[in-house]
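Commentary on secondary and tertiary structure
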Amino acid sequence: MAVAFQPQLTADGQSVASVEALLRWRLPDGSFISPESAVAYAEREGLIDVIGLYVLQQACTAARAWPGLVLAVNISPTHFAKPGFVDDVARVLDATWFPANRLEIEIVESAAFDDPDHASRQIERLHAIGARVAMDDFGTGYSSLSLLQRLPFDKVKIDKSFVDGIPATRSVAILHAMIALVRALGMKVTAEGVETVEQQRFLKAAGCHYLQGFLYARPLPAESIPAFLEKYKRPLR
Ligand code: C2E
Ligand code: MG
Ligand code: MG
């Protein structure tokens, strides 16, 4: 099992703001299982906490060497819901000497849907230890506005499926509305799956703060990140 890192750039495409840790699970024949299948398998086998903490630990250890860069880590709904989850995160941060204010936990909407009060408390606990929380894949689940109203997310990541639709009129209308909504709530917005310069221009003009996608970089092994960072001036934080 390994972890790859995909950079997230500021919308002007000029600097690297963060990297997202992505699970890479290699089979003995050298092929990879998709992270979705790996996560589903781990959920079924009761291994999801162990894998989540493994990715967190590996990612924090690697990202310690990339000063100022925010590290985003995906956490499954099952793991996020556990009462001990935030304590687990705090332990990994202590063990790896990774500063909490550079950690961003990504959860999908379904992690908050069943029990928004509990999700809200988990987010508050993460804030209390200094970490941030992003809603991932926004627009693909229930897109419940009441969740956005109730939960103090720091960032919302708009799903690639909307970005793919640019410049179709309906996609553009939905993106404008989603970005304006998230910004009006005082949260940061990232667009995922940016592959073309046309998408980048539109998303920047529409008010996205950050962009992530193959236009800038595919998920990279940790060893390739320093050279990637060298190419960009990083923003002051
Ligand atoms: P995600 O968190 O939304 O991550 C973004 C996914 O989109 C990644 O796929 C990334 O490689 C892909 N991507 C980014 N930019 C582009 C682009 O421009 N074009 C295209 N075609 N794809 C792009 P990946 O690595 O296959 O991960 C898929 C999903 O698996 C993730 O979606 C996340 O939900 C889940 N996942 C990955 N690693 C972990 C993990 O460590 N823990 C948990 N719980 N879930 C994980
Ligand atoms: Mg993610
Ligand atoms: Mg996503």
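Everything below is about the structure printed above this text.
The following refers to the structure shown. Everything numeric in this text was worked out from a predicted model, so none of it was measured. (Residues numbered from 1 in each chain as written. Chains lettered and ligands numbered in written order. Predicted model: local features only at pLDDT ≥ 70, side-chain atom pairs only at ≥ 80, totals over all residues. Heavy atoms only, no water.)

1. Comments concerning the pairing of strand E6 (residues 132-138)
With respect to burial, E6 is a largely interior element, five of its seven residues being buried. Note: strand E5 (residues 103-108) against E6, five bridges, orientation parallel. In the sheet register, Glu104 faces E6, and the bridge partner there is Arg132. Of the pairings in the sheet, the one linking E6 to strand E7 (residues 155-158) comprises three bridges and is parallel in character. Note on E7: the bridge partner recorded for Phe138 is Ile158. (Buried < 20%, exposed > 50% of the residue type's maximum accessible area, 1.4 Å probe, protein only. Helix = DSSP H or I, 4+ residues; strand = E, 2+ residues; numbered from the N terminus. Pairing = 2+ DSSP bridges.)

2. Details of the site of ligand 1
As a structural note, the neighbourhood of ligand 1 is formed by 23 residues, with Glu20, Arg24, Asp136, Glu195 and Phe214 the closest of them. Leu23 places a polar main-chain atom, nitrogen or oxygen, 3.0 Å from a nitrogen atom of ligand 1. Here a nitrogen atom of ligand 1 and a backbone polar atom of Ser76 are 3.4 Å apart. The protein chains hide 82% of the 790 Å² of surface that ligand 1 would expose on its own. (Near = heavy atom within 4 Å. Polar contact = N/O pair within 3.5 Å; in protein donor to acceptor, adjacent residues only side chain to side chain. Areas by Shrake-Rupley, 256 points an atom, 1.4 Å probe, with all protein chains shown as cover.)

3. Notes on the coordination of the magnesium ion (ligand 2)
Those donors, Glu20 (OE), Asn74 (OD1), Glu106 (OE) and Asp136 (OD), are the protein atoms that reach the magnesium ion (ligand 2), and they lie 2.0 to 2.2 Å from it. Expressed as a motif, the donor residue spacing for the magnesium ion (ligand 2) is E-x53-N-x31-E-x29-D. A distance of 4.2 Å spans the gap from the magnesium ion (ligand 2) to the magnesium ion (ligand 3), which Asp136 bridges by coordinating each metal. Remark: Asn74 occurs in strand E4 (residues 70-74) and Glu20 occurs in strand E2 (residues 16-26); sequence separation between them is 54 residues. By relative accessible area, Glu20 is classed as buried at 3%. (Donors = N, O, S within 2.8 Å, 3.2 Å for Na, K, Ca; no water.)

4. Observations regarding the side chain of Gln199
Mapped onto the elements of the fold, Gln199 is located in helix H10 (residues 197-206). Here Gln199 is in contact with Val163, Asp164, Ile166, Gly193 and Val194, once residues within four sequence places are set aside. (Contact = heavy atoms within 4.5 Å.)

5. Looking at unusual backbone geometry
Here Ile166 and Pro167 are connected by a cis peptide whose omega angle stands at 10 degrees. If you trace the backbone, Pro167 turns up in the loop between helix H8 (160-164) and helix H9 (169-184). In the Ramachandran plot, Trp97 falls in the positive-phi region, its phi being about 60 degrees despite a non-glycine side chain. Here Trp97 falls in the exposed class, since its relative accessible area comes to 70%.

6. As for the packing of aromatic side chains
Taken as a whole, this structure holds four aromatic pairs when the rule is applied. Look at Phe5 and Trp66: their rings are 5.0 Å apart centre to centre, the planes differ by 85 degrees, and that puts the pair in the edge-to-face class. In this pair, Phe5 sits in strand E1 (residues 2-10) while Trp66 sits in the loop between helix H2 (48-63) and E4, placing the two residues 61 residues apart along the sequence. The class for Trp66 is buried, based on a relative accessible area of 4%. When the ring of Trp25 is compared with that of Tyr41, the centres are 5.9 Å apart and the planes differ by 70 degrees; the resulting orientation is edge-to-face. Of the two residues, Trp25 sits in strand E2 while Tyr41 sits in helix H1 (residues 35-44), which places them 16 residues apart along the sequence. Judged by its relative accessible area of 19%, Trp25 falls in the buried class. Stacked on the ring of Phe214, the Lys or Arg Arg218 has its end atom at 4.0 Å from the ring centre. (Phe/Tyr/Trp six-rings, centres within 6.5 Å; stacked < 30°, edge-to-face > 60°. Lys NZ or Arg CZ within 6 Å of the ring centre and 35° of its normal.)

Coordinates in, geometry out; function isn't part of it.
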